[in-house]
Amino acid sequence: MSLFLGLDLGGTKMDALALRPGFHDAAPGSSPIAARARIPTEAEGGYGHILKRAEGLLRRVFEEGGGRPSQGERPLGVGVGAPGHVSRVTGGLKNANTRCLIGEDLKGDLRRALGCEVSLENDANLFTLAEATWGAGRGADGVTDARDEIGDKAADAIEDTFAGTDIGTTRGGTDCT
């Protein structure tokens, strides 16, 4: 079965899901989710440990959702949301609250491990884009998300695109603005 995978990579937990094709056009009341799972991130184990956990979790939801890797089937693509700024130069994370992710090639490492395209974006940007596309902001000319959770975040979704930024992380004595 052809599936898209999604990963919400946080500092304490990671959530993954497998989505059936056409998920963006799912009828109200129907679920495009074929499988979902959550595990602790265990960030204290470092980058390699997080990468192995993320890869294992994505493989798990792929198989539970009906994917057949034993027959050579691969995901159609993977979308990853992570806290931190995604550098448009390197494609890696900067200013991530899970510091061991900073400067690593998470996108490339997952692409090589899973054999499919991987997209990496800031989690606040993705939240705002989802609200603008499917949520409370659907049909509006612009949607803004400004919140204070782990740090200060702001993102704007304007006409089905987004321009977002982490405007600063001030906890833990580090100013990342």
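If you're wondering where the values come from, they're calculated on a predicted model, not measured in any experiment. (Residues numbered from 1 in each chain as written. Predicted model: local features only at pLDDT ≥ 70, side-chain atom pairs only at ≥ 80, totals over all residues. Heavy atoms only, no water.)

### Re the pairing of strand 1 (residues 4–9)
In this sheet, strand 2 (residues 13–19) lies alongside strand 1 in antiparallel orientation, the contact comprising 6 bridges. Along strand 2, the bridge assignment pairs L7 with A16. By the bridge criterion, 5 bridges tie strand 1 to strand 4 (residues 77–82) in an arrangement that is parallel. The residue of strand 4 that forms the bridge with G6 is G79. (Pairing = 2+ DSSP bridges. Helix = DSSP H or I, 4+ residues; strand = E, 2+ residues; numbered from the N terminus.)

### Some thoughts on the environment of A124
Summarising the element assignment, A124 is placed in helix 3 (residues 123–134). Residue class for A124 comes out buried when judged on its relative accessible area of 0%. Distance in space between the C-alpha atoms of A124 and G81 is 8.3 Å, their sequence separation being 43 residues. (Buried < 20%, exposed > 50% of the residue type's maximum accessible area, 1.4 Å probe, protein only.)

### So, the confidence of the model for the protein chain
Scored by pLDDT, the protein chain comes out at a mean of 82, with 80% of its residues at no less than 70. Ranking the helices and strands of the protein chain by mean pLDDT puts helix 1 (residues 47–64) first, with 97, and strand 10 (residues 161–168) last, with 42. Confidence drops under a pLDDT of 50 for residues 150–154, and excluding neighbours within four residues, the segment shows 25 contacts in the predicted structure. (pLDDT = per-residue confidence, 0-100. Contact = heavy atoms within 4.5 Å.)

### Let's talk about helix 3
Here helix 3 spans 16 Å end to end across 12 residues, near enough to the 16 Å set by a 1.5 Å rise per residue. Every buried residue of helix 3 is listed here: A124, N125, T128 and A132. Viewed end-on, helix 3 has its buried residues packed into an arc of 105 degrees, placing them on one side of the element. At the N-terminal end of helix 3, a side-chain oxygen is found 2.8 Å from the backbone nitrogen of A124, two or three residues along, and the residue is N122. (Expected span 1.5 Å × (residues − 1). Arc of directions from axis to C-beta. Polar contact = N/O pair within 3.5 Å; in protein donor to acceptor, adjacent residues only side chain to side chain.)

### A look at the packing of helix 1 against helix 2 (residues 106–114)
It is at 11 Å that the axes of helix 1 and helix 2 come closest, and there the two elements cross at 45 degrees. Classified by the angle their axes make, helix 1 and helix 2 are oblique. The handedness of the crossing between helix 1 and helix 2 is right-handed. Contacts between helix 1 and helix 2 involve Y47, L51, A54, E55, L58 and R59 from the former and L106, D109, L110, A113 and L114 from the latter. (Axes fitted to C-alpha atoms, helices over the stretch in contact; angles between N-to-C directions. Parallel < 35°, antiparallel > 145°, perpendicular 65-115°, else oblique. Left-handed = near helix turned anticlockwise from the far one by under 90°.)

### Describing the pairing of strand 7 (residues 118–122)
Burial within strand 7 is extensive, with 4 of its 5 residues counted as buried. Sheet analysis places strand 4 next to strand 7, joined by 5 bridges and oriented parallel. Bridge pairing in strand 7 links A82 to N122.

### Side note on the side chain of N122
Structurally, N122 is set in strand 7. Polar side-chain contacts of N122 include one of 2.8 Å to the backbone nitrogen of A124. A distance of 3.0 Å separates a polar side-chain atom of N122 from the backbone nitrogen of N125.

### Things to note about the sheet that holds strand 3 (residues 33–40)
The mixed open sheet is built from 5 strands, whose spatial order is 3-2-1-4-7. The strands lining the two open edges of the sheet, one partner per strand, are strand 3 and strand 7. Pairwise comparison of adjacent strand axes, ignoring direction, gives a mean angle of 15 degrees for this sheet. Of the strands in this sheet, strand 1, strand 2, strand 3 and strand 4 are in contact with helix 1, which crosses strand 3 at around 155 degrees. Sitting on the sheet, helix 3 touches strand 4 and strand 7, and the angle it makes with strand 7 is about 95 degrees.

### A few points about the environment of T90
Relative to the helices and strands, T90 resides in the loop between strand 5 (85–86) and strand 6 (93–94). Note on T90: relative accessible area 62%, which makes it exposed. Distance from T90 to D105, taken between C-alpha atoms, is 8.4 Å for residues 15 residues apart in sequence. Of note is the side chain of T90, whose polar atom sits 3.1 Å from the backbone nitrogen of G92.

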